[in-house]
Amino acid sequence: KTVVDRIAAGEVIERPANALKELVENALDAGSSSISVVVKGGGLKVLQITDNGHGIRLDDFPLVCQRFATSKLTTFDDLKSIGTFGFRGEALASISHVAHVTITSKTPEAQCAFAGSFADGKLLGKAKPTAGNTGTTIKVEDLFYNVKTRRKALKSTSEEFNRVLDVLTRYALRNAGVAFSLKKFGDTRAVLNTQTGASVKDNIALLYGTELSRELLRIDVPAANEYGASVAGFVSNANYSSKKEVSVLFVNSRSVDVPSVRKAIKALFSEYLPKKAHPFVYLDIALPPETVDVNVHPTKKQVHFMHEDEIVSLITDAIRAALLDANA
Ligand code: ADP
Ligand code: MG
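It should be emphasised that the depicted structure is a prediction, and the values quoted were computed from it without experimental measurement. Every residue gets a number counted from 1 within its own chain, in the order that chain's sequence is written. Ligands are numbered from 1 and chains lettered from A, in the order in which they are written. Residues qualify for local features only when their pLDDT is at least 70, as the model is predicted, and side-chain atom pairs are given and counted only at 80 or more; totals for whole chains, interfaces and linings, by contrast, use all residues. Values reported for side chains reflect all heavy atoms of the structure, with hydrogen atoms and water molecules removed beforehand.

Colleague: Before we go on, may I ask you to explain the side chain of Thr-137 in this structure?
Modeller: In this description a helix means any DSSP run of H or I spanning at least four residues, a strand means any run of E spanning at least two, and both kinds are numbered starting from the N terminus. Relative to the helices and strands, Thr-137 resides in strand 6 (residues 135-141). Here a polar contact is taken to be a pair of N or O atoms separated by no more than 3.5 Å, where protein atoms must pair a possible hydrogen donor with a possible acceptor and residues adjacent in sequence count only if both atoms sit in side chains. A polar atom in the side chain of Thr-137 sits 3.0 Å from the side chain of Thr-50.

Colleague: So what exactly am I meant to see when it comes to the packing of helix 6 (residues 157-174) against helix 7 (residues 200-208) here?
Modeller: How two helices sit against one another is set out by the angle between their axes and by the gap between those axes. Lines fitted to C-alpha atoms define the axes, with helix axes restricted to the stretch in contact, and inter-axis angles between N-to-C directions lie between 0 and 180 degrees. It is the contact of helix 6 with helix 7, at a shortest axis distance of 8 Å, that shows an interaxial angle of 155 degrees. Between helix 6 and helix 7, the angle falls in the class roughly antiparallel. Judged by residue contacts, Thr-169, Ala-172, Leu-173 and Arg-174 of helix 6 engage Val-200, Asn-203, Ile-204, Leu-207 and Tyr-208 from helix 7. Basically, the charged four are Asp, Glu, Lys and Arg, the nonpolar ten are Ala, Val, Leu, Ile, Met, Phe, Trp, Tyr, Cys and Pro, and anything else, Gly included, counts as polar. Grouping the constituent residues of the contact of helix 6 with helix 7 by class yields six nonpolar, two polar and one charged. Comment on the angle field: the value is read as roughly parallel under 35 degrees, roughly antiparallel over 145, roughly perpendicular from 65 to 115, and oblique elsewhere. The contact criterion used is simple: two residues touch if any of their non-hydrogen atoms lie within 4.5 Å.

Colleague: Before we go on, may I ask you to explain the side chain of Lys-106 in this structure?
Modeller: With respect to the helices and strands, Lys-106 occurs in strand 3 (residues 100-106). A distance of 3.1 Å separates a polar side-chain atom of Lys-106 from the backbone oxygen of Ala-110. Among residues more than four places away in sequence, those in contact with Lys-106 are His-54, Gly-55, Gln-111, Cys-112, Ala-113, Gly-132, Asn-133, Thr-134 and Gly-135.

Colleague: It is not clear to me how the pairing of strand 1 (residues 34-40) should be interpreted in this structure. Could you clarify?
Modeller: Each regular strand displays side chains that alternate between the two surfaces of the sheet. Each residue's exposure class comes from its accessible area (1.4 Å probe, protein chains only) as a fraction of the maximum for that residue type: buried when under 20%, exposed when over 50%, partly exposed otherwise. Only one face of strand 1 is covered, namely the one carrying Ile-35, Val-37 and Val-39; the face carrying Ser-34, Ser-36, Val-38 and Lys-40 has none of its residues buried. The sheet contact formed by strand 1 and strand 7 (residues 179-184) spans six bridges and is parallel. Residue pairing in the sheet places Ser-36 in a bridge with Ser-181 of strand 7. Examined bridge by bridge, strand 1 and strand 2 (residues 46-51) share six bridges and lie antiparallel to one another. From the neighbouring strand, Val-39 faces strand 2, where its bridge partner is Leu-47. Should DSSP find at least two bridges between two strands, the strands are regarded as paired. Count of turn residues in the strand 1/strand 2 antiparallel hairpin: five residues, of which Gly-41 carries a positive phi of about 60 degrees.

Colleague: Whenever I open this one, the sheet that holds strand 8 (residues 192-193) confuses me. Can you help?
Modeller: One key point about sheets: their strands pair by backbone hydrogen bonds, in either a parallel or an antiparallel sense. With mixed pairing, eight strands are arranged side by side in an open sheet as 5-4-3-6-2-1-7-8. The open sheet is flanked by strand 5 (122-130) and strand 8, the only strands paired with a single partner. Two elements, strand 3 and strand 4 (residues 113-119), share five bridges in a ladder whose sense is antiparallel. Counted as the bridge partner of Ile-103 is Gly-116 from strand 4.

Colleague: Explanation requested: the packing of aromatic side chains in the structure shown.
Modeller: To describe a pair of aromatic rings, one takes the distance between the centres and the angle between the planes. Only Phe, Tyr and Trp rings are paired, with Trp represented by its six-membered ring, and only when their centres lie within 6.5 Å; those with planes under 30 degrees apart are stacked, over 60 edge-to-face, the remainder tilted. Scanning the entire structure with this criterion turns up three aromatic pairs. With a centroid separation of 6.4 Å and 20 degrees between ring planes, the pair formed by Phe-61 and Phe-118 is classed as stacked. With Phe-61 in the loop between strand 2 and helix 3 (79-85) and Phe-118 in strand 4, this pair connects stretches of sequence that are 57 residues apart. In terms of burial, Phe-61 and Phe-118 fall into one category: buried. Centre to centre, the rings of Tyr-208 and Phe-280 are 5.1 Å apart; their planes meet at 65 degrees, and the pair counts as edge-to-face. Placement of the pair is Tyr-208 in helix 7 and Phe-280 in strand 13 (residues 280-286), with a sequence separation of 72 residues. Lysine NZ or arginine CZ positioned within 6 Å of the ring centre and within 35 degrees of the ring normal marks a charge as sitting over the ring. Lying across the ring of Phe-161, Lys-184 places its NZ or CZ 4.4 Å from the centre.

Colleague: Would you take a moment to explain the nonpolar core for this structure?
Modeller: Soluble globular proteins: nonpolar side chains tend toward being buried together. Buried residues of nine kinds, namely Ala, Val, Leu, Ile, Met, Phe, Trp, Tyr and Cys, make up a nonpolar core once their side-chain atoms join them within 4.5 Å. One finds Leu-20, Val-37, Ile-49, Ile-103 and Phe-180 to be the most contacted residues of the largest nonpolar core, which totals 55 residues. Per-element accounting of this core gives the leading share, seven residues, to helix 6. Each domain span listed reflects an automatic or database assignment of domains. Split by domain, the residues of this core number at least three in each of domain 1 (2-193) and domain 2 (210-326). Here Ile-49 is in contact with Leu-20, Leu-23, Val-24, Ala-27, Ile-35, Ser-36, Val-37, Thr-136, Thr-137 and Ile-138, once residues within four sequence places are set aside.

Colleague: For this particular structure, what's the right way to read the sheet that holds strand 10 (residues 230-236)?
Modeller: Within the open sheet, the five strands sit side by side as 9-10-13-11-12. Their pairing is mixed. Both edges of this open sheet fall to strand 9 (216-221) and strand 12 (254-256), since each of them pairs with a single strand only. With strand direction ignored, the average angle separating the axes of adjacent strands in the sheet is 15 degrees. Where strand 11 (residues 246-251) and strand 12 come together, three bridges link them in antiparallel fashion. Within strand 12, the residue paired with Leu-249 across the bridge is Val-256.

Colleague: I'm lost on the packing of helix 9 (residues 259-270) against helix 10 (residues 308-326) in this one. Help?
Modeller: Packing of helix 9 against helix 10 leaves a shortest axis separation of 10 Å and a crossing angle of 30 degrees. Judged by the twist between their axes, the crossing of helix 9 over helix 10 is right-handed. Each of Ser-260, Val-261, Ala-264, Ile-265, Leu-268 and Phe-269 in helix 9 lies in contact with helix 10, whose residues at this interface are Glu-308, Val-312, Ile-315, Thr-316, Ile-319, Arg-320 and Leu-323. Here the residues of the contact of helix 9 with helix 10 sort into nine nonpolar, two polar and two charged. Should the near helix be turned anticlockwise from the far one by less than a right angle, the crossing is termed left-handed; should it be turned clockwise, right-handed.

Colleague: Just checking my understanding: could you explain the confidence of the model for the chain for this structure?
Modeller: Fine structural detail should not be taken from predicted coordinates in areas where pLDDT scores are low. Confidence scores per residue from the predictor, reported as pLDDT, run from 0 to 100. Of the residues in the chain, 89% reach a pLDDT of 70 or more, and the chain-wide mean stands at 89. Here residues 71-87 is modelled with pLDDT under 50, and outside its nearest four sequence neighbours on either side it reaches 34 contacts, counting other chains as well.

And the structure:
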């Protein structure tokens, strides 16, 4: 059973970056305004995330790393979100099958924080009282210590670090107003550092450069269409070329790749940009949850949805209009 769980977990958690993605989403779900991440060995040795969200109740400690724990939790009140991407309550369970997990957490009501260690979905012993502020710290150590093949399939620790940075950059960009930081273990200087109260545009300047931020065109498609799809974001103007293609797409708050959207935008920009020049694209797409393909696993980066062709057209029409307007 444990081996089956471990293999299943290895399918869900492929590398430090997608473990982090799940942890960041949990921190955001908890209403955090500050999320800091510390990594060692590209996140393989240590991947630690601290938030100031609503915390985990002591009663819930034995449950959080169980598969499909979500609905068993006392804090569970978000039935709607189950429909969004089909699967829920698998992330922490999966991580605990392929790494050593320690959770320290304090709810606003609790007198003190509690800390517990987890393995293979289970809390080891009891959670113990400890000092700590309201919020949660999750420390993931020795990722894939028990899945040697997965560990070997990964590239260098610097490559893993870059992917961790990429995930955090995307979430920091979209969740402007939440302070994100990323540090390498032992370093005092943060590799990434955003501020509470920043706007998306501020964050684009900070994370992708001020030169780009001066060339941004706002995209805003309100949900008043027959698909109930809204699209908000920024694209670079036709006179700007990114060093490489930057496509930051969110669907219903999750960082994903929608190949049809990405490719259509690339084709559109190729009419406006010289060969080898690349656009910057950031789009936050909101769709009625029941129209997003629920068979797509949350850790799979690509998603599809109903009326995809029509929604792709909505997006490319809006971008074309913005480009024509800016260069009229
Ligand atoms: P899901 O997010 O789909 O519910 P997870 O395995 O990612 O499943 O997390 C399990 C549960 O653990 C969450 O539903 C939440 O109640 C709790 N949890 C995880 N991380 C945090 C956090 N940072 N702050 C508060 N609660 C958390
Ligand atoms: Mg989660």
